[in-house]
Amino acid sequence: KNEVEQSPQNLTAQEGEFITINCSYSVGISALHWLQQHPGGGIVSLFMLSSGKKKHGRLIATINIQEKHSSLHITASHPRDSAVYICAASFQGAQKLVFGQGTRLTINP
Amino acid sequence: SQTIHQWPATLVQPVGSPLSLECTVEGTSNPNLYWYRQAAGRGLQLLFYSVGIGQISSEVPQNLSASRPQDRQFILSSKKLLLSDSGFYLCATSRDGYEAFFGQGTRLTVV
């Protein structure tokens, strides 16, 4: 069964802290996506990964294909990073994306 | 690059009224199209997906239906809304299950 699990479900941290959100999946994927959803609901695509590591500003996404695991890191976190972060997988041979439950991140000033 | 247009952004509808949410895609042809729903406090759940005109697959039984009258148009409908239909509806597209693009979503409140 194609499944995506995220942890933690909720994360509260102080401004400046290093943040890590984890995502694991059940079987082989063709791509893994990290998305950001703000309180208004709109979703922004942050990264698409099939191997290795990608960096954009203070955001870093890594994926370990052998361990079926991906992480999203935020360096020098800021209150404006507060949002729900979602990982989603495109499974090999499947037509659809499968989403994790999301991680609600709150950064306090 | 692909762009998804989804509207409206917010919608308040009475119980028993009809629903039509529209999603259109630019910048690609023959995309896979998806409708997802996010109930309050929960993750995104796949409702329907389509791999071509007139081809609709339903993932969960529900009060909703979907149609794809044109290659880049995907419509989510209901004849009579229920309170439980409230939620955040998201249209997405991908090509070959690889890179994915997302609409801004529609927040539906059924009252």
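Residues numbered from 1 in each chain as written. Chains lettered and ligands numbered in written order. Predicted model: local features only at pLDDT ≥ 70, side-chain atom pairs only at ≥ 80, totals over all residues. Heavy atoms only, no water.

(A) Region of interest: the sheet that holds strand β7 (residues 65–70) of chain B. Residues and elements named next belong to chain B. Strand order in this open sheet of four strands is β1-β3-β8-β7, and the pairing throughout is antiparallel. The open sheet has two free edges, formed respectively by β1 (3–7) and β7, since each of these has just one partner strand. The mean angle between the axes of side-by-side strands here comes to 20°, regardless of whether they run parallel or antiparallel. Relative to strand β8 (residues 73–78), β7 is paired through four bridges, and the arrangement is antiparallel. Opposite Ser 67, over in β8, you have Ile 75 as the bridge partner. (Pairing = 2+ DSSP bridges. Helix = DSSP H or I, 4+ residues; strand = E, 2+ residues; numbered from the N terminus. Axes fitted to C-alpha atoms, helices over the stretch in contact; angles between N-to-C directions.)

(B) Here's a closer look at the confidence of the model for chain A. On average, chain A scores 91 in pLDDT, and the residues at 70 or more come to 94%. Taken element by element, chain A is modelled with least confidence in strand β10 (residues 97–99) of chain A, mean pLDDT 84, and with most confidence in strand β8 (residues 69–74) of chain A, mean pLDDT 98. (pLDDT = per-residue confidence, 0-100.)

(C) The arrangement of the sheet that holds β8(A) in detail. Residues and elements named next belong to chain A. Taken in spatial order, the five strands of this open sheet run β1-β3-β8-β7-β6, and their pairing is antiparallel. Of all the strands in the sheet, just β1 (4–7) and β6 (52–56) have a single pairing partner and so form its edges. Across the sheet, the mean angle from the axis of one strand to that of its neighbour is 15°, orientation sign disregarded. Judged from the four bridges that link them, β1 and strand β3 (residues 19–25) form a sheet pairing that is antiparallel. Of the residues in β3, the one forming a bridge with Val 4 is Tyr 25.

(D) Main features of the interface of chain A and chain B. Each side of the interface is counted separately: chain A has 21 residues, and chain B has 21 residues. Of the roughly 1700 Å² buried where chain A meets chain B, counting both sides, 58% is carbon and sulfur surface. The interface formed by chain A and chain B holds zero salt bridges in total. The tally of links from chain A across to chain B stands at two residue pairs in polar contact (both at pLDDT 80 or more). Listed by contribution, the elements that provide at least two residues to the side of chain A that touches chain B are β4 (29–37), β5 (43–49), β9 (83–91) and β10 of chain A. Looking at the side of chain A that touches chain B element by element, the count peaks at five residues for β4(A). Residues that form the side of chain A that touches chain B fall into these classes: eight nonpolar, twelve polar and one charged. (Contact = heavy atoms within 4.5 Å. Buried area = accessible area lost by both parts, 1.4 Å probe. Salt bridge = Lys/Arg side-chain N within 4 Å of Asp/Glu carboxyl O. Polar contact = N/O pair within 3.5 Å; in protein donor to acceptor, adjacent residues only side chain to side chain. Nonpolar A, V, L, I, M, F, W, Y, C, P; charged D, E, K, R; others polar.)

(E) A look at the side chain of Thr93(B). Residue and element names in this part refer to chain B. Mapped onto the elements, Thr 93 comes out in strand β9 (residues 87–94). Classification of Thr 93 as buried rests on a relative accessible area of 0%. Polar side-chain contacts of Thr 93 include one of 3.0 Å to the backbone oxygen of Asn 32. (Buried < 20%, exposed > 50% of the residue type's maximum accessible area, 1.4 Å probe, protein only.)

(F) Spatial organisation of unusual backbone geometry. Geometrically, the link from Ser7(A) to Pro8(A) is a cis peptide bond, its omega value of -5° lying close to zero. The residue Pro8(A) is located in the loop between β1 and β2 (10–14) in this model. With an omega of 0°, the peptide bond between Trp7(B) and Pro8(B) qualifies as cis. The residue Pro8(B) is located in the loop between β1 and β2 (10–13) in this model. Even without being a glycine, Lys68(A) presents a positive backbone phi close to 55°. Locating Lys68(A) in the fold gives a position in the loop between β7 (59–64) and β8. Accessibility expressed as a relative area gives 30% for Lys68(A), which makes it partly exposed.

(G) Molecular detail of the nonpolar core. Judged by nonpolar contacts, the single largest core of 24 residues is most densely connected at Val4(A), Leu32(A) and Trp34(A). Residue assignment for this core shows that the elements contributing at least two residues are β3, β4, β5, β7, β8, β9 and β11 (103–108) of chain A. Ranked by the residues each element gives to this core, the list is headed by β9(A), at five residues. Residues Val25(B), Leu33(B), Phe48(B) and Phe101(B) belong to the second largest nonpolar core, which totals 21 residues. (Core = buried A, V, L, I, M, F, W, Y, C linked by side-chain atoms within 4.5 Å.)

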